[in-house]
Amino acid sequence: MPYPKMLKIRQQFERPRVDNVAAAVHKALEPLELARSIRPGSTVALTAGSRGIANIPMVLRSVVEFLKGLGARPFLVPAMGSHGGGTAEGQRRILESYGITEAAIGAPIQASMEVLPLGETDEGFPVVLDRFAAQADHIGVIARVKPHTGYDGPIESGLLKMMMIGLGKHGGALTYHRILLEKPFDQVVRSVGRTIRERAPIRFGLGLVENAYDETAKIEGAAPADFEAREEQLLVLAKYWLGKLPFREADLLIVDEIGKDISGSGMDTNVVGRKRAFRNAPLAAGLPNMRHIFVRGLSEHTFGNAAGIGNADFTTMRLIRAMDYRATVINCLTAGYPEGANLPVHFDSDREALDAALAIIGHRPPESARILHIRNTLHLEEVEISEPCLDDPNRATEFNIAVAPRPLILDARGDLSPL
């Protein structure tokens with residue numbers, strides 16, 4: 001099949017960046033006057049999530065050092081709902097894969113899937129909390145604030161979701177996602193978050209925001225009473241700084257890798273489109289519209305969890321072989337999103353997938369196809385585009401051509417090189 005020529009472009013995004021992470025963490029925590037409530041010898045549980053957050057070992061180590069300076073005894077709690085196969089050991093392994101070890105952070109890791117009940121919200125939503133966190137003298141909530149891949153609103157993914165889903169462990173995540181099948185996300189996450197703050201020793205929050213280059217852009221502390229207002233403000237920044245595709249429409253988007261370390265849905269639906277909470281929900285407005293999506297593989301740190309592969313139209317047999325189907329299904333069923341584990345059409349080689357996709361782009365010949373090729377949805381500075389994309393006057397971003405047009409290259413097996 002004839003293919004269009006491809007060229008590499010380099011996009012320009014705003015790049016606010018925290019250069020000294022340790023200093024920024026201390027500066028964010030100092031105004032909270034934690035010494036007034038955290039006494040020497042008291043224990044502090046700190047949340048550690050499963051996403052590939054920039055500089056997260058340094059952030060956690062800096063918080064630990066700050067608390068030790070107060071004479072406290074901090075420890076880490078894996079806060080990731082059903083990830084890691086829904087087991088304590090699986091969640092500990094995920095943390096270690098990010099360099100979050102007891103030796104590196106300077107604090108013990110207390111991993112358990114047990115939760116303690118905290119009663120109910122005013123609406124009757126049950127509230128549970130990780131056992132180790134609930135038994136600590138204090139809890140510090142550390143989370144990246146970013147757009148959610150399914151829900152839209154003034155609060156999406158951040159401190160409140162970390163308390164509800166992360167510290168809810170597998171059982172809590174399962175319960176809350178069932179509730180979210182019938183109740184609005186904003187109502188549930190605010191109500192559960194308020195109840196946890198009333199009945200658990202939540203002492204402070206630390207919100208992290210990243211730029212389009214997968215770098216730490218802002219670190220901000222928050223007192224528990226300010227979680228909602230502060231998170232709303234940080235989400236506005238996170239959406240503004242989010243990386244984007246250079247064009248809002250294309251015939252084919254090629255994604256080299258997806259994974260839970262990249263996005264909750266494997267690939268960020270705020271970047272590629274197809275964002276909806278559930279199958280019968282309307283698609284979110286104003287996002288890119290890709291006719292076909294071809295996912296080539298899984299990231300190393302997803303440990304076989306291919307949740308979100310159902311958003312793709314085409315994939316490869318090597319991804320299917322690398323997939324931990326059980327872990328993927330547990331994650332998707334916990335979220336009430338079984339279609340996230342649906343397997344797309346899959347082929348032995350990239351060539352077969354490309355030919356199948358380009359044969360159904362409409363009446364235009366394959367060589368006129370508008371193709372975008374990205375590494376993943378976190379790294380969007382460099383993108384490959386097909387030459388026909390340059391005819392689109394509606395660019396979504398500013399970019400420069402880094403490599404002139406050349407034929408699309410496949411190796412002897414019929415596979416593309418990663419971007």
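Note: the structure precedes this text.
Nothing here was measured: the structure is a model prediction, and the numbers come from that model.

Draft legend 1. Molecular detail of the overall build of the chain. Looking only at helices and strands, the chain features 13 helices and 15 strands. With the C-alpha coordinates aligned to their principal axes, the bounding extent of the chain is approximately 70 × 40 × 35 Å. The burial tally for the chain puts 58% of its 419 residues in the buried class. In the chain, once contacts between residues fewer than 6 apart in sequence are set aside, the share between residues at least 24 apart is 75%. Approximately 16,800 Å² of the chain is accessible, and the part contributed by carbon and sulfur atoms is 50%. Charged side chains in the chain number 48 positive and 51 negative. The centres of these two groups are separated by 2 Å.

Draft legend 2. Summary view of the nonpolar core. Judged by nonpolar contacts, the single largest core of 38 residues is most densely connected at Ile 139, Met 164 and Ile 196. Contributions of two or more residues to this core are made by β3 (73–78), β5 (126–130), α5 (131–135), β6 (138–144), α6 (159–166), α7 (169–179) and α8 (185–199). For this core, the element with the highest residue contribution is α6, accounting for six residues. The contact partners of Ile 196, leaving out residues within four places of it in the chain, are Leu 118, Val 127, Leu 129, Met 163, Met 164 and Ile 202. Core analysis: the second largest hydrophobic core is formed by 35 residues, Leu 29, Val 63, Phe 66 and Leu 76 among them.

Draft legend 3. Quick look at the side chain of Ser 191. Looking at where Ser 191 falls in the secondary structure, it is placed in helix α8. With residues up to four places along the chain from it excluded, the contact list for Ser 191 reads Thr 121, Glu 123 and Phe 125.

Draft legend 4. Focus on the sheet that holds strand β2 (residues 43–48). Strand order in the open sheet made by the five strands is β3-β2-β6-β7-β8, with mixed pairing throughout. The sheet is open, and its two edges are formed by β3 and β8 (216–222), each paired on a single side. If you compare each strand with its neighbour and ignore which way they point, the axes differ by 20° on average. The sheet contact formed by β6 and strand β7 (residues 202–210) spans six bridges and is parallel. Residue Arg 144 lies in a different strand from β7, and its bridge partner there is Leu 208. Packing against the sheet, helix α1 (residues 21–29) makes contact with β7 and β8, and its axis sits at approximately 25° to β8.

Cut-offs used in this document
- Residues numbered from 1 in each chain as written.
- Predicted model: local features only at pLDDT ≥ 70, side-chain atom pairs only at ≥ 80, totals over all residues.
- Heavy atoms only, no water.
- Helix = DSSP H or I, 4+ residues; strand = E, 2+ residues; numbered from the N terminus.
- Buried < 20%, exposed > 50% of the residue type's maximum accessible area, 1.4 Å probe, protein only.
- Contact = heavy atoms within 4.5 Å.
- Areas by Shrake-Rupley, 256 points an atom, 1.4 Å probe, with all protein chains shown as cover.
- Lys, Arg positive; Asp, Glu negative; His and termini not counted.
- Charge placed at Lys NZ, Arg CZ, Asp CG, Glu CD.
- Core = buried A, V, L, I, M, F, W, Y, C linked by side-chain atoms within 4.5 Å.
- Pairing = 2+ DSSP bridges.
- Axes fitted to C-alpha atoms, helices over the stretch in contact; angles between N-to-C directions.

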